[in-house]
Amino acid sequence: MLDIKQIRENPQLVQERLNGRSGNYDIQPILELDKQQRELEMSRSQLQARSNEIGKLVGQKIKSGVNPQDPEIQALRDEGNSIKAQLSELEPKEKELKAEINRLVLALPNLPSDSTPVGKNEENNVEVRRWGDEYIPQNPNILPHWEIGEKLGILNFERAVKVAQSRFTSLIGAGAALERALIQFMLDRQIQAGYIEVSPPLLVNTDSLTATGQLPKFAEESFKCADDDLWLIPTAEVPVTNLYRGEILAAEDLPIYHCAYTPCFRREAGSYGRDMRGLIRLHQFNKVELVKFVQPETSFDELEKLVGNAEAILQALKLPYRVVNLCTGDLGFSSTKTYDLEVWLPSAGKYREISSCSNFVDFQARRADIRFKEAGKKGTQFVHTLNGSGLAIGRTMAAVLENYQQPDGTILIPEALQTYLGREVL
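Residues numbered from 1 in each chain as written. Predicted model: local features only at pLDDT ≥ 70, side-chain atom pairs only at ≥ 80, totals over all residues. Heavy atoms only, no water.

Engineer: Looking at this structure, I do not really get the pairing of strand S12 (residues 350–359). What am I missing?
Structural biologist: Summarising burial for S12: 7 of the 10 residues are buried, a large majority. Summarising the sheet, strand S11 (residues 337–345) and S12 pair through 9 bridges and their orientation is antiparallel. Residue pairing for S12: Val 343 is matched across the bridge by Arg 352. In terms of strand pairing, S12 meets strand S15 (residues 384–392) through 3 bridges, oriented antiparallel. (Buried < 20%, exposed > 50% of the residue type's maximum accessible area, 1.4 Å probe, protein only. Helix = DSSP H or I, 4+ residues; strand = E, 2+ residues; numbered from the N terminus. Pairing = 2+ DSSP bridges.)

Engineer: What is the right way to read the pattern of salt bridges from this model?
Structural biologist: Opposite charge on two side chains makes pairing possible when the charged atoms of those side chains draw close. Under the counting rule described, the total for this entry stands at 20 salt bridges. Of the charged contacts in the structure, one is a salt bridge between Lys 287 and Glu 289, with a shortest N-O distance of 2.5 Å. Accessibility classification places Lys 287 together with Glu 289 in one group, the buried group. Among the charged side chains, a salt-bridge network with shared partners connects Glu 127, Arg 130, Arg 322 and Glu 342. (Salt bridge = Lys/Arg side-chain N within 4 Å of Asp/Glu carboxyl O.)

Engineer: Help me understand helix H3 (residues 28–63) in this model?
Structural biologist: With 36 residues, H3 extends 53 Å between its outermost C-alpha atoms, agreeing within 8% with the 52 Å of an ideal straight helix rising 1.5 Å per residue. Restricting attention to buried positions, one finds in H3 the residues Ile 30, Leu 31, Leu 33, Asp 34, Gln 37, Leu 40, Leu 47, Ser 51, Ile 54 and Val 58. Looking one or two residues beyond H3, the residue adopting positive phi is Gly 65, at roughly 110°. (Expected span 1.5 Å × (residues − 1).)

Engineer: Hey, could you run me through the packing of aromatic side chains in this one?
Structural biologist: Given two aromatic rings, one states the distance between the centres and the angle between the planes to describe the pair. A complete count under the given rule lists 8 aromatic pairs for this structure. Pairing Phe 185 with Tyr 420 gives two aromatic rings, centres 5.9 Å apart and planes at 80°, and the pair type is edge-to-face. Of this pair, Phe 185 sits in helix H7 (residues 174–192) while Tyr 420 sits in helix H13 (residues 415–421), and the two are 235 residues apart along the sequence. Judged by relative accessible area, which is 1%, Phe 185 ranks as buried. Overall, Tyr 420 belongs to the partly exposed group, its relative accessible area being 33%. (Phe/Tyr/Trp six-rings, centres within 6.5 Å; stacked < 30°, edge-to-face > 60°.)

Shown next as structure tokens:
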């Protein structure tokens, strides 16, 4: 959530930053409502002060011996009753204004950082670096991962569709083992890097999705339970971030690093016809997520470290990838700056996203009311939150099945995974 004070004091800057994003955002209605609300608040404050003054005057006069039925006291009481009637009308109006302002501000995305490239769409994203060109396979006959997976009997889409619907898959035998090995490998590496593992709820309430920015705007992207205020999580970012919702943390406890393996669930609304085959865009998929809570002055340095933690997995698996700095038009709703890691998929002949690492600064913390306090200092500050995939399991499996595919149709197991699987070849 943006700071209403920032919108009020720097409207031109806020509007310019919002104009760089995809979508149309107009802060003028917020400014007008904010002006009305502050005028009402001032009137209410003045009336409340006069009401308090009248109460004191009446008490003083009665204490000094004036008859309570004296016309002067009665006049003061009549004025006091009139003020109370006015206050009873102003207070609900002010409450309604605040609620409407809050609703409008919740619909605004985060402001892009100064180091986020300006651009309209993904074509304007900026490549930062590439790694592992020497590992790009030279075999010209690599099958797409879904084809080799079905040939090996480790992926079954047809039966998953029968059980559920399209955009689901079943992993069989060595396929299930490979996924489990990737999950454990990623968790082990991130724990070694200093992250504390969390196993969070897979169902979250509306407040949790609102806090991280999925609601109210992206309700159609999530699966909701019919009879409860519960939603299936789109990513572990939601439950892990909300573990600290409404809390004031001690400054000395920061930074806090968490990693979490969870299944994730997304409707993929708006992606009709895209990636209908394979493991790239499923309604249910597994992911190891990295979440950070840090002090404001360190958050952009922490973003670089977070990207490094995700890159370390790809490097250990010797999977070619590139790092891309997303432009303003391709930036996620809650993010101020995002790096995407894109892994090489030989069958497509291009890089595909496998991790998105973002700094949200205080945007999520304001929505979730997560603060920290420094010892000996007055007041509190909002923490800065960050998160990134470390990594998406299905997409990693797809990259392994393609980049390690051999001419005879077998799959070499990355050396880093061999002890987890107890085999060298699929």
